[in-house]
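Here is what each chain is made of, one letter per residue.
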Amino acid sequence: MNIWVAFGVLTVGVIIWFMLIRKLNTKSWERHGSSVHVRSARGDLGEVNVPPARIALWVFLAVITSLFGLFISAYFIRMGHGHGADHGAITDWHSVSKPPILWFNTAMLVLSSVAMQMARGALKSNKRARVNGYLVAGGVFAILFIAGQLIGWQQLHASGYGMTQGPAGAFFYVLTGVHGLHLLGGLIVWLKTVIRMRKREVELIDVRLSIELCTVYWHYLLLVWLVMFALLLFT
Amino acid sequence: MAYAAIADRDNAHALHDPQSFITKYIWSQDHKVIAIQYTITAIAIGLVALTLSVLMRLQLGFPQSFHLIAPQNYYQYITLHGMIMVIYLLTALFLGGFGNYLIPLMCGARDMVFPYLNMISYWVYLVAVLVLVAGFFVPGGATGAGWTLYPPQAILSGSPGAKWGIVCMLASLAIFIVAFTMGGLNYVTTVLQARCRGMTMMRMPLAVWGIFMATVLGLLAFPALFVSAIMMTLDCLLGTSFFMPAVSSMGQPLGYNGGSPLLFQHLFWFFGHPEVYIVALPAFGIVSDLLSTHARRHIFGYRMMVWAILAIGCLSFVVWAHHMYVSGMNPYFGFFFATTTLIIAVPTALKVYNWVLTLWRGDIHLTVPMLFAIAFIFTFINGGLTGLFLGNVPVDVPLSATYFVVAHFHLVMGVSPILVVFGALYNWYPKMTGRMLNDTLGRIHFWVTFIGTYMIYLPMYYLGILGVPRRYYALDSAIQFIPPSVHTMNEWISVSAMFVAAVQLVFLFNLVWSFFKGKPSGGNPWRATTLEWQTPDTPPRHGNWGERLPVVYRWAYDYSVPGAKQDFIPQNVPPDKLTPVGHAH
């Protein structure tokens with residue numbers, strides 16, 4: 001099984017890589033209907049089809065895919081190693097009892113993603129108050145998710161599964177921890193955007209890209225969490 | 001076309017010129033300054049690794065003569081030498097150094113697309129280097145686990161630095177990966193989004209292609225090292241058992257249970273093999289440009305070269321387990337990886353043929369960069385062909401623990417890329433500083449390095465076939481089958497290594513001396529076609545291109561075009577400005 005997980009990771013990597021290669025014949029300096037005028041702190045980059053930040057985000061998502069794919073691959077290999085039929089070893093893999101709060105956390109993260117999507121949708125109707133409201137709600141739900149995860153850690157620890165009581169518990173802490181750190185990184189960008197939104201001179205159009213990219217990132221982290229949650233539940 | 005680049009605005013310079021010394025040279029967001037910061041830091045830490053290799057050779061050539069070098073020191077030297085050379089020198093120099101310098105200039109951009117992130121990337125890299133060096137000074141010293149850091153021995157008390165040295169190493173690697181990811185996002189996005197008008201992907205110089213593809217590999221492969229670093233740190237500090245099996249140390253059972261050391265090997269080499277190409281692909285790209293420029297001839301088979309780079313990049317992810325043939329793997333598994341390993345030789349060989357065919361009937365100028373480029377082809381063939389031996393399981397198993405492997409990987413991924421680094425520094429130094437490096441010193445540096453390298457590594461192949469084991473602190477009389485001639489040969493190798501190490505000081509002197517006293521180079525001393533040689537100022541100012549961005553009309557290899565007046569046509573010369581032979585203008 002483990003080798004197939006590794007190949008799964010590989011396939012995802014290759015697909016993303018192939019998407020990059022599709023850009024081989026594009027002319028990034030040319031302007032199409034949907035082009036955006038990019039302003040950065042250091043001045044203009046001129047007109048480009050896709051804002052560089054969006055490309056960078058997608059490349060970064062490829063990096064994260066590789067990261068979590070490898071963690072999950074390691075999870076399966078370690079689990080198989082513990083079962084150890086072909087190694088003659090006695091299994092040391094004992095599933096941990098999942099704290100029920102994880103269901104609540106999952107709901108929070110889904111709500112967070114939905115709110116971000118609503119904020120993105122409200123951008124089109126150009127209603128500043130609604131964008132602001134949904135954006136703040138999205139971040140607050142995400143913070144609740146992280147708080148819930150920490151409570152989950154405490155509950156797991158209280159029920160006798162520390163880092164050293166078997167690999168399943170240790171993986172639980174590591175996977176949720178790494179996922180939480182990625183969400184925290186997203187929250188920093190979210191906070192910067194919220195603060196910018198509070199300034200009068202900042203137009204909605206100026207934060208449009210930030211909100212769009214936050215939304216994509218949020219959906220992606222929700223997807224990662226759902227995959228990991230399923231993995232933790234079924235093993 | 002409603003294209004309005006920053007270049008076309010009046011305030012371009014006001015936007016781009018930093019004012020104070022600190023923003024210009026220390027906290028700089030200029031890709032050229034960051035590139036030079038990366039280069040200097042990488043060379044500095046590389047000198048540490050070079051010194052470590054000299055110490056190792058002193059011990060191997062003259063055992064029992066240097067009481068300063070205890071067995072645990074020897075293993076620390078091996079570990080740090082390997083790790084520094086592969087990651088902190090070569091990866092950082094090719095991607096952070098040359099990538100930063102060449103991508104915006106060769107693509108016709110004013111800077112990287114995220115200059116601030118680029119600056120942070122360098123400073124985080126510096127932190128990684130400092131944490132690495134701190135490993136020498138923590139209680140117990142640096143880790144001596146070998147550069148592969150295999151558990152369980154890496155964190156058992158028998159290994160040097162098993163307590164804090166290994167933690168410094170793992171932390172430093174994790175920090176390096178963060179720095180690389182920030183830089184890598186920049187390089188990829190800049191290549192995809194910030195090329196000037198006319199610069200299609202298939203007109204980019206191969207140097208940019210190599211660096212671009214290596215960055216993509218790094219972005220996908222470094223997470224594997226990151227994952228293993230995190231999990232091993234937890235094993236070490238918190239007592240988890242990701243990689244650590246039930247094990248006793250000094251008769252005492254440790255708290256570990258059920259971990260998989262093989263899992264670490266898989267993760268490590270899933271990073272480790274692409275890492276070989278992270279180092280090799282920029283070298284392939286840069287050497288293509290050097291050969292073409294100094295042979296005054298277009299690169300042979302440009303499209304084939306690009307596709308070969310892409311194919312090598314893709315295949316490099318499915319060969320990792322050929323580093324693990326001796327781990328007791330399933331024979332079918334080994335067969336699969338032997339096959340993929342031999343397949344990757346096809347695009348690689350194709351590139352070698354194309355380099356040779358580029359030289360064929362070229363107007364070869366044996367400048368110092370060209371000497372290094374040709375030396376690269378020699379060395380890469382020497383190192384690469386022995387890779388075909390080691391790629392086969394039945395040949396690898398007996399050779400794996402011998403000096404044959406040491407010679408192979410040093411030639412193919414140590415010396416070959418370093419020769420390109422030297423060639424590239426001699427080639428682009430004039431653009432970086434406005435002065436030429438001294439030619440005589442350059443030739444001395446080249447010949448001693450080139451011949452010395454063969455004096456070091458060719459005998460090692462022979463030692464390997466004799467069965468001399470690598471990783472040994474000393475070959476004493478307990479190893480019966482080793483003839484006395486091996487010791488003589490080890491002395492020979494050590495003396496050669498001293499010469500090669502010493503001549504690098506000549507190179508360093510040349511770098512410093514030429515900065516002040518070198519011959520002024522002018523803007524385009526090699527009469528090259530690529531955009532970085534067409535900048536209005538040398539060294540290029542902040543923003544690179546003055547008032548207007550360049551526009552590209554042709555590929556990067558218009559050398560010796562029949563009917564053209566000059567033997568090179570820069571990429572930004574429009575078709576109607578070409579002067580045929582016999583015309584006054």
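Residues numbered from 1 in each chain as written. Chains lettered and ligands numbered in written order. Predicted model: local features only at pLDDT ≥ 70, side-chain atom pairs only at ≥ 80, totals over all residues.

Asker: I'd like a rundown of the overall build of chain B, residues and numbers included.
Answerer: When you go through chain B residue by residue, the secondary structure sums to 15 helices and two strands. Compactness check: chain B gives a C-alpha radius of gyration of 24 Å against a globular reference of 25 Å for 585 residues, within 12% of the reference. Projecting the C-alpha coordinates of chain B onto the three principal axes gives extents of approximately 85 × 50 × 50 Å. Counting across all 585 residues of chain B, residues that qualify as buried make up 55%. Contacts in chain B between residues at least 24 apart in sequence constitute 80% of all its contacts with a sequence separation of at least 6. (Helix = DSSP H or I, 4+ residues; strand = E, 2+ residues; numbered from the N terminus. Rg over C-alpha atoms; globule rule 2.2 N^0.38 Å. Buried ≥ 20, exposed ≤ 12 C-beta atoms within 10 Å, placed from the backbone. Contact = placed C-beta atoms within 7 Å.)

Asker: Run through the overall build of chain A, naming residues and quoting values.
Answerer: Counting its regular elements, chain A contains six helices and two strands. Going from N to C terminus, chain A has its helices and strands arranged as α-β-β-α-α-α-α-α. Burial status across chain A gives 37% buried among its 235 residues. Considering only residue pairs separated by 6 or more positions, chain A has 71% of its internal contacts joining residues 24 or more positions apart.

Asker: Got a sec to walk through unusual backbone geometry? Specific residues and values, please.
Answerer: All names here are of chain B. In the segment running from P151 into P152, the intervening peptide bond is cis, with an omega of 5°. With respect to the helices and strands, the residue P152 is situated in the loop between α5 (115–134) and α6 (165–193). Here T538 and P539 are connected by a cis peptide whose omega angle stands at -10°. Phi is positive for R471, close to 70°, though the residue is something other than glycine. Secondary-structure assignment places R471 in the loop between α14 (439–466) and α15 (485–517). The residue R527 is not glycine, and still its phi comes out positive at about 50°. Mapped onto the fold, R527 is located in the segment after α15. You can call R527 partly exposed: it has 15 C-beta atoms within 10 Å.

Asker: Describe the packing of helix α4 (residues 71–107) of chain B against helix α8 (residues 261–294) of chain B, with residues and values.
Answerer: All names here are of chain B. It is at 10 Å that the axes of α4 and α8 come closest, and there the two elements cross at 40°. One finds that α4 runs oblique with respect to α8. As for how α4 packs across α8, the hand of that crossing is left-handed. For the pair α4 and α8, the contacting residues are V86, L90, T91, F94, L95 and F98 in the first and E275, I278, V279, P282 and I286 in the second. Its residues assigned to classes, the contact of α4 with α8 shows nine nonpolar, one polar and one charged. (Axes fitted to C-alpha atoms, helices over the stretch in contact; angles between N-to-C directions. Parallel < 35°, antiparallel > 145°, perpendicular 65-115°, else oblique. Left-handed = near helix turned anticlockwise from the far one by under 90°. Nonpolar A, V, L, I, M, F, W, Y, C, P; charged D, E, K, R; others polar.)

Asker: Summarise the packing of helix α3 (residues 101–125) of chain A against helix α4 (residues 128–158) of chain A; cite the residues concerned and give the values.
Answerer: All names here are of chain A. Direction vectors running N to C along α3 and α4 enclose 165°, while the axes themselves pass 8 Å from each other. Taken together, the axis directions place α3 and α4 in an arrangement best described as roughly antiparallel. Crossing of α3 against α4: the hand is left-handed. For the contact of α3 with α4, the per-class residue count stands at 21 nonpolar, seven polar and one charged.

Asker: Account for α4(B), naming residues and giving values.
Answerer: Residue and element names in this part refer to chain B. In this model, α4 (37 residues) spans 50 Å end to end at C-alpha, consistent with the 54 Å of a helix rising 1.5 Å per residue. The largest bend along α4 reaches roughly 45° and is located at G99. Taken across its 37 residues, α4 has 34 buried, putting it largely inside the fold. (Expected span 1.5 Å × (residues − 1). Bend = angle between axes of the 7 residues up to and from the residue.)

Asker: Could you give an account of the nonpolar core, naming the residues involved and the relevant values?
Answerer: Residue and element names in this part refer to chain B. Formed by 243 residues in total, the largest nonpolar core has its most connected members in C107, V208, I211, L267 and F372. Looking at which element gives the most residues to this core, the answer is α4, with 24 residues. Aside from chain neighbours lying at most four places away, what touches F372 is L419, V420, F422, G423, Y426 and F446. (Core = buried A, V, L, I, M, F, W, Y, C linked by C-beta atoms within 7 Å.)

Asker: Go over the confidence of the model for chain B, please, and point to the residues and values.
Answerer: Residue and element names in this part refer to chain B. Per-residue confidence for chain B gives a mean pLDDT of 92, with 95% of residues at or over 70. The low-confidence segment residues 1–14, where pLDDT is below 50, has 28 contacts with residues more than four positions distant or belonging to other chains. Note on the complex model: pTM 0.92, ipTM 0.90. (pLDDT = per-residue confidence, 0-100.)

Asker: Summarise helix α11 (residues 368–391) of chain B; cite the residues concerned and give the values.
Answerer: Taking 1.5 Å of rise per residue, 24 residues should cover 34 Å, and α11(B) covers 34 Å from first to last C-alpha, within 8% of that figure. Taken across its 24 residues, α11(B) has 17 buried, putting it largely inside the fold.

Asker: Explain the confidence of the model for chain A to me, and be specific about the residues and the numbers.
Answerer: Considering every residue of chain A, the mean pLDDT works out to 83; 77% of them sit at 70 or more. When the criterion is pLDDT under 50, residues 33–47 of chain A qualifies, and its contacts beyond four places in sequence or with other chains add up to 30 contacts.

Asker: Tell me about the environment of E212(A), and please be specific about residues and values.
Answerer: Residues and elements named next belong to chain A. Tracing the backbone through its elements, the reader meets E212 in helix α6 (residues 204–234). Judged by the 18 C-beta atoms lying within 10 Å of it, E212 is partly exposed. Spatially, the C-alpha atoms of E212 and M116 are 8.5 Å apart, while their sequence positions differ by 96 residues.

Asker: Before we move on, could you go through the environment of R57(B) and cite the residues and values that matter?
Answerer: All names here are of chain B. The residue R57 is located in helix α3 (residues 31–61) in this model. Taking the C-alpha atoms as reference points, R57 and H266, separated by 209 residues in sequence, lie 31 Å from one another. Leaving out residues up to four positions away in the same chain, R57 has contacts with I493, S494 and A497.

Asker: Help me get a handle on the environment of V326(B), residues and values and all.
Answerer: All names here are of chain B. Relative to the elements of secondary structure, V326 occurs in the loop between α9 (302–315) and α10 (331–359). Linking V326 and Y559, residues 233 residues apart in sequence, is a C-alpha distance of 49 Å. Discounting chain neighbours no more than four positions away, the residues touching V326 are V397 and S400.

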